[in-house]
Protein chains: 2
Amino acid sequence: MAKKQKTFRPKARVPRGFRDRLGAELTAEREMLSRISAVYESYGFDPLETPAFEFTDALGKFLPDVDRPNAGVFSLQDDDDQWMSLRYDLTAPLARFVAENYDSLPKPFRRYQVGPVWRNEKPGPGRFRQFTQCDADSVGAPAPDADVEICAMFADAMEAAGIARGDYVVKLNDRRLLAGLLETAGLVGLEPDDELQRVTVLRALDKLDRLGEAGVRLLLGPGRKDESGDFTDGAKLKDAQIDRVMTFINATQATNAETCDRLAGFFSTSAQGEAGVTALDTMAAQLGALGYGEDRIQIDLSIIRGLDYYTGPVFEADLMFTTEDEKGRPMRLGSVGGGGRYDGLVKRFKGIEVPAVGVSVGVSRLLEALEAKKTTGDSVSGPVVVLALEKNQMAAYQQMAAELRAAGVRAEVYLGGSNFAKQLKYADKRAAPIAVIQGSDERDKGEVTIKDLVLGAELSKNIQDNKEWREGQPAQFSVKQSELVAAVKKVLARRG
Amino acid sequence: MAKKQKTFRPKARVPRGFRDRLGAELTAEREMLSRISAVYESYGFDPLETPAFEFTDALGKFLPDVDRPNAGVFSLQDDDDQWMSLRYDLTAPLARFVAENYDSLPKPFRRYQVGPVWRNEKPGPGRFRQFTQCDADSVGAPAPDADVEICAMFADAMEAAGIARGDYVVKLNDRRLLAGLLETAGLVGLEPDDELQRVTVLRALDKLDRLGEAGVRLLLGPGRKDESGDFTDGAKLKDAQIDRVMTFINATQATNAETCDRLAGFFSTSAQGEAGVTALDTMAAQLGALGYGEDRIQIDLSIIRGLDYYTGPVFEADLMFTTEDEKGRPMRLGSVGGGGRYDGLVKRFKGIEVPAVGVSVGVSRLLEALEAKKTTGDSVSGPVVVLALEKNQMAAYQQMAAELRAAGVRAEVYLGGSNFAKQLKYADKRAAPIAVIQGSDERDKGEVTIKDLVLGAELSKNIQDNKEWREGQPAQFSVKQSELVAAVKKVLARRG
């Protein structure tokens, strides 16, 4: 009495926090990353590909006294019970790679890497658990030369990606200034409360963009209640200390030389602060000599770049134009990447300090910015579609598509039924700029019809009645078959 | 009495079965995939990126009555206890994507995807647990038009990748011929033993390349003992049946028309067989009309492409040249990819048959082939290295590198100590073709020295003594600094 078993049908869905990407968005990202990669290669950086998995201990993702990996990473146990995790950034794999191959690598070692990283975090709007990173690092390279190089390269990369000069500025600061500031504001020396206070100060300054000066002052002092009513505890600085911190942050001048002048003497009692000023001064001079003036790389004393990790110069690329949010309000895109100098790269593995300086492009932000800067719409991103009206003429249609391709035009033949309306609907769904049509009438005359689908769509918006539409049809014309390629190219040129 | 704790230092190593890739190999693969992608796009295929993770049930990787995923995939449980696995190919994610977006996709739907896949298998020499796949599929496209298109596109992709016409042939067969063959050889109709026998026959034929006709005959008959003494059970066909199978396999002729002629009547009692012959006949005619003759796409009745999955035409690209193995023996590289028509793409999800035809490039094999075909060595793949002899001239060195880059020459400044020998050693390790040298002497004269490191290395092999070497130095010359770019380009041109 076998009961008829229901076939199991899994639901087709992408796991939570992940996404599919198709067509134009992907092409645009690949084009952008390829241009940036070309700049990195021209500077002598070699591409590196590390595997998706690293041993969890190599990523530093075990908590003390816990035998399971820390949250935040996707982890599993290999056959031999060793924990492996998917990389959550490209720096940890670089550290492992450099430590593993330390003796055989040329030093300094310049590499760049582009690829997905994974975060086992709660997804949200625009927050995915897999995304692309694009990093370049110089390992074992001395300051300030490597820092100068990577700042210049970053500016070049922005321009290669399509952000015009004037639309971005690489803003430069030095962590040692911040350290010196805290030192001279009387905030260091008292272990261990101090470190917490230091972090609270940095975290407050990092929010200048979003909260403005008044908000930052609250966070440096007693604390701040946000719009939702949540209270964030402050750094409990005294007013005079807050004044000094804000004086520093606001000391940025229009030219790098003026900013360095303004800082002279500011850190007279802090060796770290002095070292930071000297570094910025030298870098600005070298960059200027190379033609990277304030229009491209400018000292900005409000740049923080997160909480720890960096030990010398830090920088980020800020976009100088606004775009519109989904409600049409002006919106600043802000930082599209940055980096700095850090010393601890391979220390966890080898116990030695190997200094490095690196830059990471904010891939999705930069892509958004490029999208926003586009003056022409890209709704017509699809291929030319050659309709297939007569099934026995398939080879002829394929031949037309082949001719178009040979001339550099993306083209495809409709493959399906012979229904005309359905084929045009398909061309529309493909965002095709042009449909190429040859029915038996055209074929008898040795002609093809070129239908400009973009112009057609524009015209049809303004057409009063069907009669006028049918009589006009200015978006459609016939040419000799031998003129197919030239006619298609001419119509495509209308779109620029 | 705190005991001094030893700092934990993880060992820097890549997990078993995974690997790092650096520099030239990666650049070559990227270049190859980008050329192939451009061909796919020109045919109207859109790029698709699916995430690394899929739900395990969507991949079909649960065994019946087992609540853990099947071996072969890397799996873990999400927060909500659902099992996710890393994709093991690009077809299963395509199936999920098409099923999930079925109504909104244009049909037919053409997409290509390039990316890593993961296999949780025992690694071996040349067998990695992460590798790159490159697939193109037409979903919902009718035969034979979509099959013709994808075969032509595959041939175009081979040539775009750098395999010259004549160095490859896309070999074409049809699964229905094999089905018809088994039918007319009296091998189908008896459930369920039959299916096993059918698979055993296909598996035997799939080994023709490796075992030759005699080995295949054993596997079709009683079975075969291999060199290690292991016995593989045979399909137990009678001699007359084996003869018929081998007659079929060997019926391939020089021209597609002749092969189709030869098959006329061969399957008179099998509708499947007849359908297969008609399909090949039509495809060959259409391909011929498009200019894809037997030099590019040839019917080959010995092509099997694995055991199941395919339901119509199958094809693979075979390389026609030999290369050398590590011991210098001639070696055929064989197939560098292939594909075919299959019907079950979204059946698991939607219960309907959506036919598809796809092709998958054998990325690492094709890369090996391109490497083997290279006539010139690529040992000089590194950037031009500008030596940095005087620390206070760093901006000038950076300027030289910038000039070279602006002229399209990959260039970097040495960043490190000022030791001359060490810098040359670095240039050597970087596989630099040229070192650009400007010490104070050259600087005073407004000159730079161009050192051709490739010619230098060649000459030094033939130099008798150091004196001759020092006096000759033909691989090194000085030019006016304004002629730097031209001189470097001239030396690079020597290498082609």
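Scroll up for the structure.
Treat the numbers as computed from the prediction; the structure is a model and nothing was measured.

Peer 1: Explain helix α18 (residues 484–494) of chain B to me, and be specific about the residues and the numbers.
Peer 2: All names here are of chain B. Among the residues of α18, those classed as buried are Leu484, Ala487, Val488 and Val491. The arc that holds every buried residue of α18, seen down its axis, measures 100 degrees, which confines them to one face. Of the residues in α18, the exposed ones pointing more than 90 degrees away from the buried face are Ala486, Lys490 and Ala493. Buried-residue contacts for α18 involve β17 (384–386), α13 (394–406), β19 (434–437), β20 (447–452) and β21 (476–480).

Peer 1: Quick one: what's the story with helix α3 (residues 91–100) of chain B, residue by residue and with numbers?
Peer 2: Judged by how many residues are buried, α3 of chain B sits mostly within the fold: nine of 10 residues are covered. Along α3 of chain B, the residues classified as buried are Thr91, Ala92, Pro93, Leu94, Ala95, Arg96, Phe97, Val98 and Ala99 of chain B.

Peer 1: Explain the interface of chain A and chain B to me, and be specific about the residues and the numbers.
Peer 2: Counting residues at the interface gives 92 residues for chain A, matched by 92 residues for chain B. Interface area for chain A against chain B, summed over the two sides, is near 8,000 Å², with a carbon-plus-sulfur share of 54%. Considering only the side of chain A, the residues that lose the most area to chain B are Arg13, Glu49 and Leu415 of chain A, jointly responsible for 9% of the buried surface there. Along the contact surface separating chain A from chain B lie 20 salt bridges. In this structure, Asp46 of chain A engages Arg430 of chain B in a salt bridge whose closest nitrogen and oxygen atoms are separated by 2.8 Å. Inspection of the chain A/chain B interface yields 44 residue pairs in polar contact (both at pLDDT 80 or more). Here the element with the most residues in the side of chain A that touches chain B is helix α1 (residues 24–42) of chain A; it accounts for six residues.

Peer 1: Describe the side chain of Arg129 of chain B, with residues and values.
Peer 2: Residue placement: Arg129 of chain B occurs in the loop between β6 (109–118) and β7 (130–139). A polar side-chain atom of Arg129 of chain B sits 2.7 Å from a polar atom in the side chain of Asp78 of chain A. Excluding its chain neighbours within four sequence positions, the residues that come into contact with Arg129 of chain B are Asp78 and Met84 of chain A together with Arg16, Gly17, Phe18, Phe74, Val117, Trp118, Arg119, Asn120, Glu121 and Pro123 of chain B.

Conventions adopted
- Residues numbered from 1 in each chain as written.
- Chains lettered and ligands numbered in written order.
- Predicted model: local features only at pLDDT ≥ 70, side-chain atom pairs only at ≥ 80, totals over all residues.
- Heavy atoms only, no water.
- Buried < 20%, exposed > 50% of the residue type's maximum accessible area, 1.4 Å probe, protein only.
- Helix = DSSP H or I, 4+ residues; strand = E, 2+ residues; numbered from the N terminus.
- Arc of directions from axis to C-beta.
- Contact = heavy atoms within 4.5 Å.
- Buried area = accessible area lost by both parts, 1.4 Å probe.
- Salt bridge = Lys/Arg side-chain N within 4 Å of Asp/Glu carboxyl O.
- Polar contact = N/O pair within 3.5 Å; in protein donor to acceptor, adjacent residues only side chain to side chain.

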